[in-house]
Structure formats: structure tokens, C-alpha cells
Amino acid sequence: MKVDRRSFLSFILGGAAGTALSPLPWKLTDDFSIWSQNWPWTPVPQKGEISYVNSACTLCPGGCGISVKKVDERVIKIEGLKGHPVNDGGLCILGLAGAQLLYGATRIQTPIKKVNGRWQKLSWKEAITELAARLKELRAKGSAHTVACVAGSDRGTVPELFSRFLAVYGSPNFFRTPSIWDSYELALYLTQGTRSMAGFDIENADFILSFGSGLIEGWGSPGYMFRAKGLLRKNGGRMDQIESRLSKTAAKSDHWIAINPGTEGALALGLAYVIIKEGLYNQNFIDQYTTGFSDRKKRVIDGFPPEIVSKMTGISTGTIVALAKDFARARKPLAICGQGQGHLPGNLQEFLAVHTLNALVGNINQPGGVWAVPEPDYIDWPELEMDGVASEGLQQTRIDGAGSYRYPNARYLLHRLPQVVNASDESPVQVLFVVDANPVYSLQDTASVKKAFEKIPFVVSFSSYMNETTALADLVLPNHVFLERYEDVPVAYGFPKPIIGLARPAIEPLYNTRYVGDVVIQLAKELGHAIGAAFPWADYATCLEETLSDNWDTLVEEGYVVDAEFNGTDLADAFETDSAKFEFNNNEIRTLAGYNPVKAEGDEASYPLLLVPYDTMRLASGYVGSPPFLVKALEDTILTGSQVLVEVNPATAKQLGLSEGKTANLTTPKGAARVKVHLSNGIMPGVVAIPRGLGHTAYDKFLAGKGVNYNQLSSPVEDPASGHDAAWGIRAKLSRA
Amino acid sequence: MENAKKFGMVIDLDKCTGCGACMVACMAENNIPFRADNTDKMLSISWMHVYKLNNRKLFPDYEECYLPRPCQHCEGHGGHSPCVSVCPATATDYDMDTGIVSQIYPRCFGCRYCMAACPYHVRQFNWWDPLWPDGMEKMLNPSVSVRMRGVVEKCSFCIQRYQQAKDRAYMEGRREIAEDEYQTACTQACPAGAIVFGDLNNPEHAVHQLAQPDPARHGHSKNPRAFRLLERLGTNTKIYYLSSREWVRKAGDNYLEGEFKSKAHS
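Bear in mind the structure is a predicted one, so any value in this text is a computation, not a measurement. Along each chain, residues carry numbers from 1 onward, in the same order as the chain's sequence is written. For this description, chains carry letters from A and ligands carry numbers from 1, given in the order in which they are written. Under the rules for a predicted model, residues below a pLDDT of 70 receive no local features and side-chain atom pairs below 80 are neither given nor counted, while totals for whole chains, interfaces and linings still include all residues.

Before going further, it helps to examine the overall build of chain B. For chain B, the helix and strand inventory stands at seven helices and twelve strands. Throughout, radius of gyration means the C-alpha value; the globule benchmark is 2.2 Å times the number of residues raised to the power 0.38. On C-alpha atoms alone, chain B measures out to a radius of gyration of 19 Å, which is about the 18 Å that the 2.2 N^0.38 rule sets for 266 residues. Backbone-placed C-beta atoms define the burial measure: a residue is buried with 20 or more other C-beta atoms within 10 Å of its own, exposed with 12 or fewer, and partly exposed in between. Split into buried and exposed, the 266 residues of chain B put 47% on the buried side. Within chain B, contacts between residues separated by at least 24 positions form 60% of all contacts whose residues are at least 6 apart in sequence. Think of it this way: any DSSP run of H or I at least four residues long counts as a helix, any run of E at least two long counts as a strand, and we number them from the N terminus. Two residues qualify as being in contact provided that their C-beta atoms, derived from the backbone, are within 7 Å of each other.

In terms of regular secondary structure, chain A is built from 28 helices and 28 strands. A compact globule built from 737 residues would reach a C-alpha radius of gyration of about 27 Å, and chain A, at 29 Å, matches this within 12%. The burial tally for chain A puts 59% of its 737 residues in the buried class. A separation threshold of at least 6 residues defines the contact pool for chain A, and within that pool the share at least 24 residues apart is 74%.

Before going further, it helps to spend a moment on the environment of H80(B). With respect to the helices and strands, H80(B) occurs in the loop between β3 (64-69) and α2 (82-86). Considering only alpha carbons, one finds H80(B) and Y94(B), 14 residues apart in sequence, at a separation of 7.6 Å.

As assigned here, chain A comprises domain 1 (5-35), domain 2 (123-171 + 387-402 + 412-477 + 514-553), domain 3 (181-375) and domain 4 (609-736). Domains are outlined according to an automatic or database domain assignment. Put simply, the middle of domain 1 of chain A and the middle of domain 4 of chain A, counted by C-alpha atoms, are 58 Å apart.

As a further point, take unusual backbone geometry. Trans peptide bonds make up most of the peptide bonds, and negative phi angles are found at most residues other than glycine. For the bond running from F59(B) to P60(B), omega is 0°, close enough to zero to count as cis. Even without being glycine, D445(A) reaches a positive phi, approximately 65°. Here D445(A) is to be found in the loop between α18 (439-442) and α19 (446-455). Positive phi, close to 60°, is recorded for H121(B), a residue that is not glycine.

A few words on the interface of chain A and chain B. At the junction of the two partners, chain A supplies 61 residues and chain B supplies 53 residues. Contributions of two or more residues to the side of chain A that touches chain B are made by α2 (24-37), β3 (74-80), α3 (93-96), α4 (99-102), α8 (222-234), α9 (248-251), α27 (628-633) and β23 (639-640) of chain A.

Another point: the sheet that holds strand β18 (residues 487-489) of chain A. Residue and element names in this part refer to chain A. At least two DSSP bridges between two strands are needed for those strands to be called paired. The sheet built from three strands is open, its strands ordered β18-β19-β20 with antiparallel pairing. Looking at the sheet topology across the chains shown, the edges are occupied by β18 and β20 (560-562). In this sheet, adjacent strand axes meet at a mean angle of 15° when their direction is disregarded. Sheet topology note: the strand β19 (residues 499-503)/β20 ladder contains three bridges and is antiparallel. The partner of I500 across the bridge, within β20, is V561. All axes are obtained by fitting lines to C-alpha atoms, using only the stretch in contact for helices, and the reported angles, taken between N-to-C directions, cover 0 to 180 degrees. Together, β19 and β20 form the strand contacts of helix α24 (residues 549-558), whose direction differs from that of β20 by roughly 115°.

Within an α-helix, residues lying three or four positions from one another point in the same direction, as the helix has 3.6 residues per turn. All names here are of chain A. Considered for burial, the residues of helix α16 (residues 388-395) that qualify are V389, A390 and G393. In an axial view of α16, the angular spread of the buried residues amounts to 95°, which keeps them on one side of the axis. When the buried face of α16 is taken as reference, the exposed residues oriented beyond 90 degrees from it are G388, S391 and Q395. On the buried face of α16, the contacting elements are α5 (124-140), α6 (157-169) and α22 (529-533). Taking the helix axis as origin, the arc is that swept by the directions to the C-beta atoms.

A separate point is the packing of helix α17 (residues 416-423) of chain A against α19(A). Residues and elements named next belong to chain A. Running from N to C, α17 and α19 point in directions that differ by 60°, and their axes come no closer than 8 Å. As judged from the angle between their axes, α17 and α19 are oblique. You can see that α17 and α19 cross each other, and the crossing is left-handed. Along its contact with α17, which presents L417, P418, V421 and N422, the element α19 presents S448, V449, K451, A452 and K455. Polar here means any residue outside two lists: the nonpolar Ala, Val, Leu, Ile, Met, Phe, Trp, Tyr, Cys and Pro, and the charged Asp, Glu, Lys and Arg; Gly therefore counts as polar. The class makeup of the residues in the contact of α17 with α19 is five nonpolar, two polar and two charged. Orientation categories follow fixed angle ranges, with anything under 35 degrees roughly parallel, anything over 145 roughly antiparallel, 65 to 115 roughly perpendicular, and all other angles oblique. Crossing handedness follows the turn of the near helix against the far one: under a right angle anticlockwise gives a left-handed crossing, and clockwise gives a right-handed one.

It is worth spelling out the nonpolar core at this point. What tends to happen in soluble globular proteins is that the nonpolar side chains get buried as a cluster. Each nonpolar core comprises buried Ala, Val, Leu, Ile, Met, Phe, Trp, Tyr and Cys residues, the members being joined through C-beta atoms within 7 Å. If you look at the biggest cluster of nonpolar residues, it comprises 312 residues, and the most contacted ones within it are I93(A), F162(A), L271(A), A272(A), L630(A), A21(B) and V24(B). Element by element, the count of residues in this core is highest for helix α10 (residues 264-277) of chain A, at ten residues.

Residue and element names in this part refer to chain A. Most of strand β9 (residues 207-213) sits out of view: seven of its seven residues are buried. With four bridges connecting them, β9 and strand β10 (residues 238-242) associate as parallel partners. The residue bridging I208 from the neighbouring strand is M239, located in β10. The β-α-β motif built from β9, the intervening α8 and the parallel element β10 has right-handed crossover chirality. With six bridges connecting them, β9 and strand β13 (residues 333-340) associate as parallel partners. Within β13, the position partnered with F207 by the bridge is P333. When the strands point away from the viewer, a crossover counts as right-handed if the route from the first strand across the helix to the second turns clockwise.

A separate point is the environment of S244(A). Residue and element names in this part refer to chain A. Mapped onto the secondary structure, S244 falls in the loop between β10 and α9. S244 gets classed as buried once you count the C-beta atoms within 10 Å, which come to 26. Among residues more than four places away in sequence, those in contact with S244 are A258, I259, N260, P261, V612, I683, M684 and V687.

Residues and elements named next belong to chain A. Strands sit in the order β5-β4-β17-β16-β15-β6-β7 across an open sheet of seven strands; the sheet is mixed. The strands lining the two open edges of the sheet, one partner per strand, are β5 (118-121) and β7 (174-176). Relative to strand β17 (residues 475-476), strand β4 (residues 112-115) runs antiparallel, the two being bridged by two bridges. Bridging across to β17, K113 finds its partner in L475. On top of the sheet, α6 reaches β6 (147-151), β7 and β15 (431-435); it is set at about 170° to β6, its chief contact.

Expected span, for any helix, means 1.5 Å times one less than how many residues it has. Compared with the 24 Å implied by 1.5 Å per residue over 17 residues, the 24 Å span of helix α1 (residues 5-21) of chain A between its first and last C-alpha is a close match. With zero of its 17 residues buried, α1(A) lies for the most part at the surface.

What follows is the structure in C-alpha cells.
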């Protein structure tokens, strides 16, 4: 057959038409897509028996109850525990994503140590022996006091085991990471004489006046605050938010009152002026249960008339007067303070001013008021037997100076640790334990903190994750994560009733990790003598069960023990001051530096704007890094690609020649960063807001390298009254990139 | 149909705090994949998404409101949901027994007509293979299948929970399930208690009492605080929103400036 052009084309076209009309191409396309959709890396979840383990969440000090859903021996989901006094079934976004922390990629699977800058695995026995040898050597040299510990809390068995270890070893240098609770505890102590925790009966109040507290953004126990805020609303209560930015809390309040950042205390004093001047205070409470009112009255009347306060805060006198009247005339008014989620202690005089407002209206230890919740007292361990070295070590002043002549009221001043270490020739800390904390990320002025951590010869991290602090450690002794361990939960911050929770393992530990408590006990036994004798328990499990003996059965059964009847101590017995009354003024308060707004660092000419950090529930900014679900749920007005957006008022942006989405350089006296601009009418002109919880250098690709860490741009400012870190922001400059 | 259920939701925007717990509870319940960069929200899959609305005013009169948006499970008129009507593969269907708009992944061939038809952006396409970091596939929920690349997915009202509740009831010799036996993951998780879920046809359910649907007006609510999204499209959705603020209720209809005089939303 002759193949000419015509027959060739007919063959090709006819073939094509024929194939197209046959089912072949469609069948092949379909088969191909089905085949490619079944590529083996698309996982098929395995079926199994479904079960639930009731436990407590320890990702923050909120004390929520959780119900862990399992399929065979896999944790598939975490849900809120119904009927729990704190959260009653609801749960925050971080708790809900908690299973991702169990299976996260940056978990440390076995003890490791750094040798010439590289990680090397070692056995638990080797690790503990090595650490014990180092500690023995230091102690023999008489340097016991150079061992320090940074912990996320000072309550509960794990922190108490550490402080006990340090004490019997011979060091006073136990640190708790800073938070607003430092200031709240101190304000309660100074005015009421009790070492107690502030609890807030929000659900029974009828007017919440919040001085910048992120009530529904992680302030206190998020599980409780969300629920309580809902109940406040249901009961017809009102909430006013005083803040320079329209936070979610402000957006969900009845009134948002924008204030010059850092002047919240002045407003509280201005409100007190109006309440006193107009005679709106609770005469009965003032007469019966307080002393020092006339001193306080004089200070307020002399210093804080509405005209002056208006100038400081930027709020009109009319608003100040109206707000004060509304507050004082409410049936159950309650003032709260502490910025955002409360990561920084803040200005002590501001806390005293706000606490005083509650005293003026007589809403202390009353339904709908602020309650002094007694510290948990279940830890009742045998008295320590100190040897000579220990007694001598404990005589040394603390490295941070807390409790010394200069800072008589402060208990922990962790923000001073990097300054002291960097200022010394030889590091005053030779060995540092870090447990449930990530100070390299969470302390302000990252560069200086890093420098200090590099200077400390031996840092031991007990973290389950390779976070920023652990990356700089020399030895890592990984703890079980919260779903794999027993732990007492001694407190739910801000919750008005005494409560103890018990976290229980939902599954067997996945890796070669170990209870921190066990490590401390084993370390003590390795050191022997008085130190070993101070830890009479075989292991942490025994220690925990014996410590909680009275409550153990209830805790195992219910998951918590709550004093539901507690309604604030009766006023007649509530105050442990010399006068047995609430003291507006006393010798200790008199010696404190008076109220002055804390100034942001930096000069106004070079840095015309104010940079303030803000908190969002969708980012974990404590010692836990955000799991992938949180970053996924983040708004595109906070993060785009790997760039963070800062909020700027359109008027300010216009002056700077910036528009929505434009890249800009953000500069502060401490550092610079590239950011994007997000225009928002929910922020005061002249203020720039940046979210906390981004800019991680550690963790996995779902979190690392996204955005900027605010702490890198800021630095601590010492509160003249307490010595705590009172910084609320820093001066900044924003320019087109 | 007799005894037909019509599952729906009431979301109280006065209570919603915009925390995002519903989004994450949904992701964990329904095996929703995530990627290293999820910031392009047009490409990122999230069955539940919390939007931020504002009153378009300047500082300091500016206000914000947060609006969680699951699939609206449109009934349209007689089950003609916008997406169901356009699907050439019958991969999505309106169930007259429950009022749930389903999505059958193995039938879907990824033409994305439904995405174009959906007025609410609830439908999302799997552009990539769903991959989990090593070890994290352990937390996948076996009651929900993992979707493959190339198909569209959306909120199912956690239908697996309905099936499980029905099975349990059946085992116990019951034919009806109680209100609290079937609740979606987002409803259960909301720490502010803003979401209420149940059968809109059942006058004893909280959703019915809050939404007060008027059968004569295609489910339009008799509650003056309530509105539905883009109600004028006639989609007859089953998600009712409550707000005491007028500008929020108006924003639900994506109105144009000056469009409403005083007649609407009275």
C-alpha cells in the first residue's frame, strides 16, 4: 500500500477521532488519577478501640480539665472536660492542638550533651553521673551558691523539688519566670499581709473595669476567663477595656477607652480621685476594715485630679469622671490589671492603684470581687537537715538581688540575671537548670540574654523540645510531655477558688524520656549525704502520691479537688497586717517609690513611635511553642508568608508614607526588623503593635523563621518600686523599606 | 418527609471571642492537613474559618466583630443548594433526612464548579497531597477519611458523630437520639459557649428556640437579633447568627453603601 500525504493524515485524524470517541482516554485519565491519589504516602488512619483519659492540661498555668481521646494507644484529640470547675467542657486553642505537641517533630528523644558544638546521645546513667560529678566539684570548691534554677512556677511538686534541691545543696538562686502574678502577689501582701494568689469572681461581678488585661486573650486561666466572661454577659454585667489598641478583649467589651500606653496606673488614681472627692466610696468597708485611708486620700487628691490625669492618659476629663461614677455606683464593680496575657510583671504602683479601687468600693473577698486565694499547702515535706556547706551557701545574697536591701519586696528578678552575668568577669552562675521555661525566647533583650546563656559554663535543660534555650544548653535531660506524665497542678491563675488538679498519663512515653522529678531525686541520691537524705522517696511517683496522700484517691477519680464552698475569707479574718485590716498605707508602702508612669526606652526624636506587643490566643507565647494548627489558624493580618504584620493607624501610616501590605523597617534602640504594615483603625495614632509568639529560631518548619520575636526589639525597664520588669513597650521608628 | 431532621447552628456573635478554638477543634476532629505556609487563605484548607468584620469607622469609633463560618448547609428551595445543583459527579448531595450537604470524596473529580458556585467560600480544594510530619499521622481520626489530592472538601457538620450517636442509640434499642448526643466538634470546643447546634425542626432544641425559623419564609428567623449570611440570595442556610449590633447584622448581607434605607433588618 502506498502511503501518501492524504492517507497518512486520514489515518492520524481518524485514529485520533476514534480514540477520542472510545472510552480509552477517559478511562486512562480516571485510572491515573485514582492511582496517583492512592500513592502510599497518603496515610490511612488505623481503626481501633476508642477510649478517653481524663486529665489536667499543663501547657499553661490555667488548670483546665481535659479529656484525651485515644484510639488504641494513639492520642487522636484533646477535648475540654465537662463539669470541670475551671473550664466546664470548653478548651482554648492551644489545649485543643495539644496532641501535636506529643507527636511534634522537635521532641528530644533521649538525653543529649553538647560536645564541641555537636549533640551527642548518652544514657540516663551517664548523664546523671556526669552532672552529679560537676555539682560535687563545685560544692567542694565552696561555690554551691553558683548553681541556679529557672522554673516556670514555684508551686507544685516539681518546682518544689528543685528549690528543695538547691536549698540543701547550698544555693538561694531559684528563679520563677516573670509574670503579672509577681505584682499581684506583692500588692496583696503589702495591703493585706497575706501570701496569697489573686482570684477574680468575674461571673458574679456586674462591672469589670480592665486596665489592659486580655481577659479573653489568655490572661489568668483562659478556660475560666472565657467561661466567666460569657457568664458576666449573661448576667447583664458590663465590661470596659482600657487599652491603646482594640484587642479582641476590647472589641468584646461594652466600651473601649483608648489610653496612652503605660499610663493605666494614672487613670486608676484619677478614678480614685473622683470616687473619693464625690464621696462615692464604701464608707462602711473603709471604716470597719481599713486603715491609712486618709494618707491615701491625701496622696490621690494632691496628685491626681482629672485635669492632670487627662493630660497623662489622653482621656477626656468627662470620660474619667463618668467612668469613675459608673464604677463606684455599680453593685459589684471589679477592677483588674496586668497587660495582655500577663507576661511582664509591670508597674507595682499601678497594681496598688487598681487594687485600691477595689478596696474603695469594698469589693475585696466579696462575691463578684477580688479574692485572696490561699496558697496550696499540701506540700508538707520533712524539715531539711542542712550541712555546713548548705548553710553557708544560703547566706549568700541572691544573684538577682531579690530580697536584698535594694529590692526588699521582690522574690524573683529573673530579668536581672542576664545583666548580672554579662557584667561579671566570671559568670556568677556556673550551672543553670532550666525547667518548664524558655528564657532565651521569652525574656526581653534577646541578644543580651543569649550572651549571658553562652557565658554560663553549664546549662542543663529539662525541656521535651529543642527550643531556643535548649539549643544553647550543654546537657538536655528531656522530660515526658504533658500527655505522658503524672503531675500536680497546684493553681489555676485568677480562678477564685482553691483547686488542685492532677495530670495523668494518657499513653506510655514515646521516647527515652524521664520524669524531671525522678532526675532530681536520682541526682540527690548520687550526691549523697544530707542532699540524698532530703529526698526520702524511691521515685517521683511515690513522692507525688505521698504528698497528695489525703487527696490522692479523689484526684485519681475526679482529676481535681476544689474547695467549692470557698467564697473569700471572711473580712474579720482576712487581713494579716499589723492592724488586721486592709492597709491603704503602712511602713512598707510608704518606702516605695511613688507612682510615675514607666517611660519607654529610647529618645523621642530618633524614635517617634511607641512599639507595644500584643497577645493573641492563636499564638502560644509562653514556654510552649505554637503547634502547627495554631499557626495555621493565624489571621492573614498577622502573618503573611514568613513576614509579620504590624498594626498602624492609617493616619500615622500616611505621615510615614506607608500603605497596607508595604514592607517597612522597624527599628528600636535594641534592634531592627523587617515587617509588613497592616492599617487598622483599632489602634491609637503613634502606636505600632506587634504580636508576641512569633520569630522563633528553634522548633520545626511550621513555626521557625516566621515573623519577629518582640523581645529581640525590646529590653527590660526596672520598676523603681519593686525592681520587677515594668516595661510595656519601647520607642520605635518605622520607615519604608 | 415525616420526622425529617434539619440540623443547624446558631452562633451568637455577641459571645464569640474570635479565639479560633472552633477552627482547631475542627482540624483535629476532621484530619485537616496543614503545610509549612498556610498564610494564603485561598489555598489553605479550613472547614471552619473565623472572619473579622468591622464597622468601617475611624479611630476611636472603630468596632470589630468575629464571625465563625462553617459550611452553611444551604437548603435553597427544596434542597437546591448552589453547590449541589452544579456538581456534575453527584459528589455532593443534600440529605432531606438531616439537612446536611454531604461531600463524597471518591466521587469528586476536582472540577471545582461547586467552589465557584458556593457564595460562602466554604469549599476548598486539595492542591497537594495531604502529608503529616513523621509520627503525627498517629493522631489521625479513624472515623474520618483523609482526603486525597485533587478533590474538594468542606464542613460535614461532623456527620461521623451523628452516625456514631445513631449506632449507639440503635444498640440501646432507641430510634431517636437526644440533643446532646450529637454535637459538632466546634460546638463542643467553644470556650465561650457561642455555638449552639441541634435540630431546627425540633421545638425542644435550643437552636430552634434561638433561631425561630419561619417555615413560611424559607426559614427566615423571627428573632430580631438573628440573621443569615447573604440571605437575599435565597440560599436558605442553616447557620443563624445572633448579634445585638445593627452594623453586624447588615454586614451579613454584604450590603452596598446606601442600599438599605430603614426597611431591612427591622
